[in-house]
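Here's the letter readout for the chains.
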Amino acid sequence: MGQSIPVRFEELKSSGALPSPTGVGMKILEITRTDDYSVDEMADAIMSDPSLTGRILQLANNASVAGSESVTTVTGAIMRLGSSTVRTLALAFSLVSDREAGACRPFDYERYWSLSLARGVGAQVLADHTGVAKPEEAYICGLLCEVGMLALASVHSARYGEILNSTAGASFDRLREAEFDAFDIDHATVAECMLADWGLPSAFAEAIGGFSRQRRIGESSAPVESTGDLLRLADTIGSALLLGETSPVRKLREVGEQLERTRRALGMEEAQFSALCDRVARQWRSWGESLEIETSEVSYHQITAEIARSRSEQPDGATGTSRRGGVVSVSAPTLAVDTANEGQRISVLAVDDDPVSLRLLTRQMRNESFEVSMARSGRAGLRKALKEKPDIVVIDHEMPDQNGLEVVEALRRSAVGSSMYILLVTGNDSDELLIKAFDAGVDDFVPKPIRPRLLSARIKAGVRIANLSRKIERDHNTILDQLAELNRLNRRFRTASLTDPLTGLPNRRHCMDRLDAEWKAFARNEAPFTVIMLDIDRFKAVNDSYGHDVGDDVLQATSRAIVGALRGEDEAFRLGGEEFMVLCRSAHENDGAVVAERIRQAVESNVVEASGFELAVTVSLGVAGVHAGVESLMALLKAADEAVYQAKNAGRNRLQLAGAPAPTPEESMRTRRSA
């Protein structure tokens, strides 16, 4: 990705829905905006979050520093890992801690985070083994690899869901193409921009962007040389850890092939590779407990046994099905599940540690035709509410591990919980408790013992609020989709206004904008540039003798020949009629003359085949380089234009220099360094 942030990302950012660091992560981001901060300031911010403190210490004491004394303080962790690494870790962990299920139903949020964690741990272990990168930095890159997909699912939930469903089972290249068709940006570029926006090292964005654009490991056993290579290997191991009995045969075989390539790339024997994968699996489960991300207990032996069985089975078409024991099982693609046409019933979560009360609550609400789920503790209820996003939560106040009000306060702090309708069930109807409950965010309460008719009446109010919330969310998503489409149309209109429709080259307006920018750069720091003006010789005769259709073919063929003769930093424009211009950046006039001669030869040797026409045309070129004696941009263009006429008067099919003074050796050296 270039240095500038694309307009398409700025539009995504303006929606306010992009995933972003919160809480302590944002505080650390503010502290470290400039270099004028202390380790103690960062340590104090981290220590305000006990869970973040534990995770930083856990990573600081990993195997890569075995033999050193254990770190017991955040300050010690910062000294060991480096302040920039700890800063980035804090941002990444705050992003993970604030995760929640979003509105994009085909996006499997739980699997997304589980695979992200597996990839992060895998990258850390591989970095420790190979020494290619710092393990902590590899961990961060693995954890944030697919944050661009999460961003698109967050900002354009409905449209992105359609894309995931339409590309289910296809390659990630196909997914990126569909993303670009819909949003004029893909998840790889979004991820690069997000990391740059957070101030993370550019090497992170380069590694993640490279991985996103090339995920598969090639057939050759190329050495592991970069963080991007580590991410590809770690993604394979992470994908293997998430395989299951219902995984399609196609997926099992694909992962099996990639695992074998991973082993060969690492130069490991089977036993060594098995031990490394088991190490990743153990650390994945450990980090899963710390971050409350779903993992499973799996070993390399189990994975390879499942892959071996798949090789004796026949894939059932391309739909991701597999036959096991005569039964057809269907598994979801990596990040998408088919949830089209799901019902719109009101969903209710009942939370109570008393099984009798919970059954009564559940029976009553199911009688009302609600979609009901249950949780038997406060903590379980909080996790389920954040994952399932129910419309209504009915929660008991008195629970041993985490009482109802504590759960309510936690829900109200999250974006997903802020819109839920919450009923508190309590046997204590004192004014003090009820005031405290409403302050915590409770919408209403139901006294114990529960009276079914009263519960039903209270829930009806929640249904009205839930339906209103759904309408607001639909309207919000509609507005976002309309805004995205409007922005896309505006960009296309702007592109069309700056492009010549016949040749596809930038037009005169675009040319003048570019030249103006180059002139200003020359005025600031004397950055040299040269312009080449060129006319097709005797083009009027082509139009008069063969017609304008053939003339159009000649213009198109000539524009292709011009572009094919340019250097990477040069840019061609069509000014109108048979006139073209080329901008040569970081080039003195004599350098531009070399480019001009290549153009002349390319056009002269390019035979244009059209109806009744099979000839090569020629061009006359004028070359003018900017220098201290040029008073204005218009003076430079006039010099190039006059040089074109001199070339024509001298016999055509030639170039003419405007006569800028030759650059000094120092200027030539400066130009070569900046090129």
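All values reported here derive from a predicted model rather than from experimental measurement.

1. Quick word on the overall build of the protein
Scanning the protein from terminus to terminus reveals 28 helices and 14 strands. Within the protein, the proportion of its 675 residues that are buried is 49%. Taking all contacts inside the protein whose residues are at least 6 apart in sequence as the whole, residues at least 24 apart take part in 68%.

2. Some details on the environment of F93
Along the chain, F93 turns up in helix 6 (residues 83–97). With near-sequence residues (within four places) excluded, F93 lies in contact with L52, R55, I56, Y139, W287 and L291.

3. Examining the environment of G625
With respect to the helices, strands and loops of the structure, G625 is situated in strand 13 (residues 619–625). Remark: the alpha-carbon pair of G625 and A640, spanning 15 residues in sequence, is separated by 8.5 Å. Discounting residues that sit within four places of it in the chain, G625 has contacts with F529, T530, E589, V630, L636 and A660.

4. Let's talk about the pattern of salt bridges
Applying the stated criterion across every chain, the model contains 33 salt bridges. In this structure, R263 engages E270 in a salt bridge whose closest nitrogen and oxygen atoms are separated by 3.6 Å. A relative accessible area of 16% places R263 in the buried class. When its relative accessible area of 38% is taken as the criterion, E270 is described as partly exposed.

5. Let's talk about the confidence of the model for the protein
Close inspection of predicted coordinates is inappropriate for parts of the model with low pLDDT. Taken residue by residue, the protein gives an average pLDDT of 82. The fraction at 70 or more is 87%. Residue range residues 671–675 is modelled with pLDDT below 50. Its contacts to residues more than four positions away, or to other chains, number 7 contacts.

6. Observations regarding the nonpolar core
Counting residues in each nonpolar core, the largest one holds 103 residues, and the members touching the most others are F107, L117, Y139, Y160 and L241. Looking at this core element by element, the count peaks at 11 residues for helix 7 (residues 109–130). Filtering out sequence-adjacent residues up to four positions away, Y139 remains in contact with L59, L89, F93, L117, G120, V121, A123, Q124, W287 and L291.

7. Here's the deal with the pairing of strand 3 (residues 347–351)
Taking burial as the measure, the 5 residues of strand 3 include 5 buried ones, the bulk of the element. Where burial is concerned, the two faces of strand 3 agree: the one with S347, L349 and V351 and the one with V348 and A350 are both buried. Relative to strand 4 (residues 371–375), strand 3 runs parallel, the two being bridged by 5 bridges. Following the sheet pairing, V351 is matched in strand 4 by A375. On the question of chirality, the crossover connecting strand 3 to the parallel strand 4 by way of helix 18 (residues 355–367) is right-handed. Examined bridge by bridge, strand 3 and strand 5 (residues 392–396) share 4 bridges and lie parallel to one another. Of the residues in strand 5, the one forming a bridge with V351 is I395.

8. Overview of the sheet that holds strand 14 (residues 655–657)
Pairing within the open sheet is mixed, and its 5 strands lie in the order 9-10-8-13-14. Because the sheet does not close on itself, it has two edges, and the strands there are strand 9 (571–576) and strand 14. Within this sheet the neighbouring strands show an average axis-to-axis angle of 20 degrees, counted without direction. The pairing of strand 13 with strand 14 spans 3 bridges and is parallel. Its bridge partner being in strand 14, G622 is matched across the sheet by Q656. The strands that helix 23 (residues 508–525) touches are strand 8 (529–536), strand 9 and strand 10 (579–585); relative to strand 10, the one it contacts most, it runs at about 30 degrees. Strands in contact with helix 25 (residues 548–564) are strand 8, strand 9, strand 10 and strand 13; relative to strand 10, the strand with the most contacts, it is inclined by about 10 degrees.

9. Quick look at the environment of W519
On the secondary structure map, W519 appears in helix 23. Residues W519 and L636, 117 residues apart in the sequence, show an inter-C-alpha distance of 9.9 Å. Every residue in contact with W519, bar those within four places of it in the chain, is listed here: F529, V626, V630, E631, S632 and L633.

10. Examining the side chain of T262
Within the secondary structure, T262 is located in helix 15 (residues 249–266). If we ignore the near neighbours within four places in the chain, the residues touching T262 are I217, L233, T236 and F273.

11. Quick look at the sheet that holds strand 7 (residues 444–447)
Reading across the sheet, the 5 strands line up as 4-3-5-6-7 and stay open at both edges, with parallel pairing between neighbours. Two strands close off the open sheet at either side, each with one partner strand: strand 4 and strand 7. Pairs of neighbouring strands in the sheet enclose a mean axial angle of 20 degrees, with direction left out of account. Examined bridge by bridge, strand 5 and strand 6 (residues 421–426) share 5 bridges and lie parallel to one another. Bridge pairing in strand 6 places V394 opposite L423.

12. What about the packing of helix 7 against helix 9 (residues 147–155)?
Interhelical geometry of helix 7 versus helix 9 gives an angle of 160 degrees and a closest axis separation of 11 Å. Classified by the angle between their axes, helix 7 and helix 9 sit roughly antiparallel to one another. Crossing of helix 7 against helix 9: the hand is left-handed. Between helix 7 and helix 9, the residues in contact are Y109, Y112 and W113 and V147, L150 and A153, respectively. Class assignment of the residues belonging to the contact of helix 7 with helix 9 gives a composition of 6 nonpolar, no polar and no charged.

13. Describing unusual backbone geometry
Cis geometry is adopted by the peptide bond preceding P449, which originates at K448 and carries an omega value of -5 degrees. Examined against the element boundaries, P449 turns out to sit in the loop between strand 7 and helix 22 (452–497). The backbone phi angle of R652 is positive, close to 70 degrees, even though this residue is not glycine. Among the secondary structure elements, R652 is positioned in the loop between helix 27 (633–649) and strand 14. What makes R652 partly exposed here is its relative accessible area of 28%.

14. Remarks on helix 14 (residues 227–241)
The end-to-end C-alpha distance of helix 14 is 21 Å, a good match for the 21 Å that 15 residues give at a rise of 1.5 Å each. Among the 15 residues in helix 14, 13 count as buried, and that is most of the element.

15. Observations regarding the state of the cysteines
Under the definition given, this model contains 0 disulfides. Looking at C141, it has no disulfide partner, and the nearest cysteine sulfur is the one in C145, 6.9 Å off. The exposure class assigned to C141 is buried, which follows from its relative accessible area of 2%.

The rules behind these values
Residues numbered from 1 in each chain as written. Predicted model: local features only at pLDDT ≥ 70, side-chain atom pairs only at ≥ 80, totals over all residues. Heavy atoms only, no water. Helix = DSSP H or I, 4+ residues; strand = E, 2+ residues; numbered from the N terminus. Buried < 20%, exposed > 50% of the residue type's maximum accessible area, 1.4 Å probe, protein only. Contact = heavy atoms within 4.5 Å. Salt bridge = Lys/Arg side-chain N within 4 Å of Asp/Glu carboxyl O. pLDDT = per-residue confidence, 0-100. Core = buried A, V, L, I, M, F, W, Y, C linked by side-chain atoms within 4.5 Å. Pairing = 2+ DSSP bridges. Right-handed = clockwise from strand over helix to strand, strands pointing away. Axes fitted to C-alpha atoms, helices over the stretch in contact; angles between N-to-C directions. Parallel < 35°, antiparallel > 145°, perpendicular 65-115°, else oblique. Left-handed = near helix turned anticlockwise from the far one by under 90°. Nonpolar A, V, L, I, M, F, W, Y, C, P; charged D, E, K, R; others polar. Expected span 1.5 Å × (residues − 1). Disulfide = S-S within 2.5 Å.

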